[in-house]
Amino acid sequence: MKHFFSFLFVLSVSGLSAQNLKAFSVPKGYIQIAETKGDLDKDGKDEVVFVFNTNIKASDTQNPEGTSDYKRIFYILKKENSGLKVWKENSNILFSSGTGFYPSDNTLEVNIKNNSLHIGQSFFTNSRHTQQYKHIFRFQNGDFYLIGSHDHFQDTCDFSFTNEINFSTGKVIIDRKYSSCDDETKVPENLHKEFTYKFPALIKMNDFFIGDHNFKIPGLKEDFVF
């Protein structure tokens, strides 16, 4: 009987939590650019993720293509009988629509795999350099946490740098490959380093800003920035 009442209590708390979520409607002026579905809390029901270009200017300057720059936002929504409810929203992780040298070539991929949210973004930082980011978030202990980070920075001729972190295991990978389109240029030695770093705690989704976090790399006089 005691276990039965405990079960009822859990159900009532879950129901109350669902009722407290606000109903979702597309904000006026927002343009949907991506959508994915999948189970993020392992309850057997799919959540829905929508990504939008907002109508909020990210900057007043125009990029080389002459297009305007708008902030982006994504919503993680729960399906209820009365419609979609906002479970989580975030605009910190997504780069704005006009980011990069050739915004029309930018890519944004959002999908759900293994009960985790995967966000991939890429853009040109100039005519030769491409930047790719992939971040993985998992729902646990009542919130979404960053559990994986992949950063790839590449020049068409000179280098290809990759930084990876598995926050669940603490495994860090640094890979730097150098090359040249000029046969007479002296190319630096490649670097590959793997090590385990003990992170004090996982980073919550809403506390994560790309490039605002760092730690010392063992054996090197530089920081690992993510």
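Just above sits the structure.
Calculation rules
Residues numbered from 1 in each chain as written. Predicted model: local features only at pLDDT ≥ 70, side-chain atom pairs only at ≥ 80, totals over all residues. Heavy atoms only, no water. Pairing = 2+ DSSP bridges. Helix = DSSP H or I, 4+ residues; strand = E, 2+ residues; numbered from the N terminus. Axes fitted to C-alpha atoms, helices over the stretch in contact; angles between N-to-C directions. Phe/Tyr/Trp six-rings, centres within 6.5 Å; stacked < 30°, edge-to-face > 60°. Buried < 20%, exposed > 50% of the residue type's maximum accessible area, 1.4 Å probe, protein only. Lys NZ or Arg CZ within 6 Å of the ring centre and 35° of its normal.

So, on to the sheet that holds strand E4 (residues 83-90). The strand order across the open sheet formed by 4 strands is E1-E2-E3-E4, and the pairing between neighbours is antiparallel. Looking at the sheet topology across the chains shown, the edges are occupied by strand E1 (31-38) and E4. Strand-to-strand twist of the sheet, defined as the mean angle between neighbouring strand axes without regard to direction, takes the value 30 degrees. Two strands pair when backbone bridges link them, and E1 and strand E2 (residues 47-59) are joined in this way by 7 bridges, in the antiparallel orientation. When the bridges of E2 are listed, Gly38 appears paired with Glu47.

Taken as a whole, this structure holds 27 aromatic pairs when the rule is applied. Ring geometry for Tyr102 against Phe124: centres 5.4 Å apart, planes inclined by 80 degrees, an arrangement best described as edge-to-face. On the criterion of sequence distance, the pair formed by Tyr102 in the loop between E4 and strand E5 (107-113) and Phe124 in strand E6 (residues 116-124) is long-range, its members being 22 residues apart. On the numbers, 4.9 Å between centres and 50 degrees between planes, the contact of Phe167 with Phe199 is tilted. Of this pair, Phe167 sits in the loop between strand E9 (159-166) and strand E10 (171-178) while Phe199 sits in the loop between strand E11 (191-196) and strand E12 (214-216); the two residues are 32 residues apart in sequence, bridging distant segments of the chain. A residue is classified by how much of its surface remains accessible, and Phe167, at 6% relative accessible area, is buried. Residue class for Phe199 comes out buried when judged on its relative accessible area of 17%. An aromatic cluster of at least three residues, connected via ring pairs, comprises Phe167, Phe195, Tyr197, Phe199, Phe215, Phe224 and Phe226. Sitting over the ring of Trp87, Lys78 keeps its end group 4.4 Å from the ring centre. Lying over the aromatic face of Phe161, Arg176 brings its terminal NZ or CZ to 6.0 Å of the ring centre.

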